[in-house]
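# A structural walkthrough
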Amino acid sequence: MSSHSKPDKPIAEITSDAAADEIAEREAKQKSEQQAKDRDSCNRYVRTGLNRNVTVQFLIEKLTSMGCPPPPGLIKCLDCGDKPAAGGFGVVEEISPLSPSKPD
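All values derive from a computational prediction rather than experimental measurement. (Residues numbered from 1 in each chain as written. Predicted model: local features only at pLDDT ≥ 70, side-chain atom pairs only at ≥ 80, totals over all residues. Heavy atoms only, no water.)

### Examining the overall build of the chain
As a reminder, the rule being used: Each helix corresponds to a stretch of at least 4 residues labelled H or I by DSSP, and each strand to a stretch of at least 2 residues labelled E; elements are numbered beginning at the N terminus. Throughout, exposure labels follow a simple rule: accessible area from a 1.4 Å probe, protein chains only, divided by the maximum for the residue type, with under 20% read as buried, over 50% as exposed, and the rest as partly exposed. Here, Shrake-Rupley sampling with a 1.4 Å probe gives the accessible areas, and only protein chains in the shown set may cover a residue.
Helix and strand counts for the chain stand at 2 helices and 0 strands. Relative to its 104 residues, the chain shows a buried fraction of 3%. Within the structure as shown, the chain displays about 9800 Å² of accessible surface, and the carbon and sulfur contribution to it stands at 56%.

### Details of the pattern of salt bridges
This is how it is decided: Every case where a carboxyl oxygen of Asp or Glu lies within 4 Å of a side-chain nitrogen of Lys or Arg is listed as a salt bridge.
Enumeration over the complete set of coordinates arrives at 1 salt bridge. Measuring nitrogen to oxygen at the nearest pair gives 3.6 Å for the salt bridge that ties Arg26 to Glu22. In this pair, Arg26 and Glu22 both sit in helix α1 (residues 11-52), 4 residues apart, roughly one turn of the helix.

### Quick word on a nonpolar patch on the surface
As a reminder, the rule being used: Here the term patch refers to residues with relative accessible area over 30% and no salt bridge, with like charges joined within 9 Å and nonpolar side chains (Val, Leu, Ile, Met, Phe, Trp, Tyr) within 5 Å.
Among the surface-exposed residues, Leu50, Leu74 and Ile75 lie close enough to one another that they form a single nonpolar patch of about 260 Å² accessible area. When you line up the elements, Leu74 lands in the segment after α2 (54-65). Residue Leu74 is classed as exposed on the basis of its relative accessible area, which comes to 56%.

### Examining the state of the cysteines
Quick reminder of the rule: Cysteine sulfur atoms that pair up within 2.5 Å are treated as a disulfide.
This structure, assessed with the given rule, holds 1 disulfide. The disulfide bridge from Cys42 ends at Cys77, spanning 2.0 Å between sulfur atoms. Every disulfide takes its handedness from the sign of the S-S torsion; for Cys42 and Cys77 that torsion is -105 degrees, giving left-handed. Highlighted residues: Cys42 in helix α1 and Cys77 in the segment after α2, separated in sequence by 35 residues.

### Thoughts on the environment of Gly49
Position of Gly49 among the secondary structure elements: in helix α1. Between the C-alpha atom of Gly49 and that of Ile75, which follows or precedes it by 26 residues, the distance is 9.3 Å.

### Structural notes on α2
Counting along an α-helix, one turn takes 3.6 residues, and residues three or four places apart therefore face a common direction. Using the following cut-off: The span expected for a helix works out to 1.5 Å for each residue beyond the first. Here a polar contact means two N or O atoms within 3.5 Å. Within protein one must be a hydrogen donor candidate and the other an acceptor candidate, and residues neighboring in sequence count only if both atoms are side-chain atoms.
Along its 12 residues, α2 runs 16 Å from first to last C-alpha, staying within 8% of the 16 Å computed at 1.5 Å per residue. Capping of α2 at its N-terminal end is provided by Asn53; its side-chain oxygen lies 2.9 Å from the backbone amide nitrogen of Thr55. Following α2 by one or two positions, Gly67 adopts a phi angle in the positive range, close to 85 degrees.

Quick look at the structure:
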């Protein structure tokens, strides 16, 4: 090859490809960092719920006293990918399955 031969790609295209690669790497790093933050945040919510939410504690206590302890890790965070997702817990109605019914 002589020093006057043309490069395979124009310099502008090479620079453009390098810039695109750099942007993709930066975006991937930001996404990974955000996923780590989201995972940490979710785990904090789970710990707080298990340790301080009286409704969750009540249900776990009642299930355990009935001989049905929930398995470890029943309440946990899952990676839903890029899909927006959230979870929560609330009581709508309280029913006691152990209450004896009185015939009329």
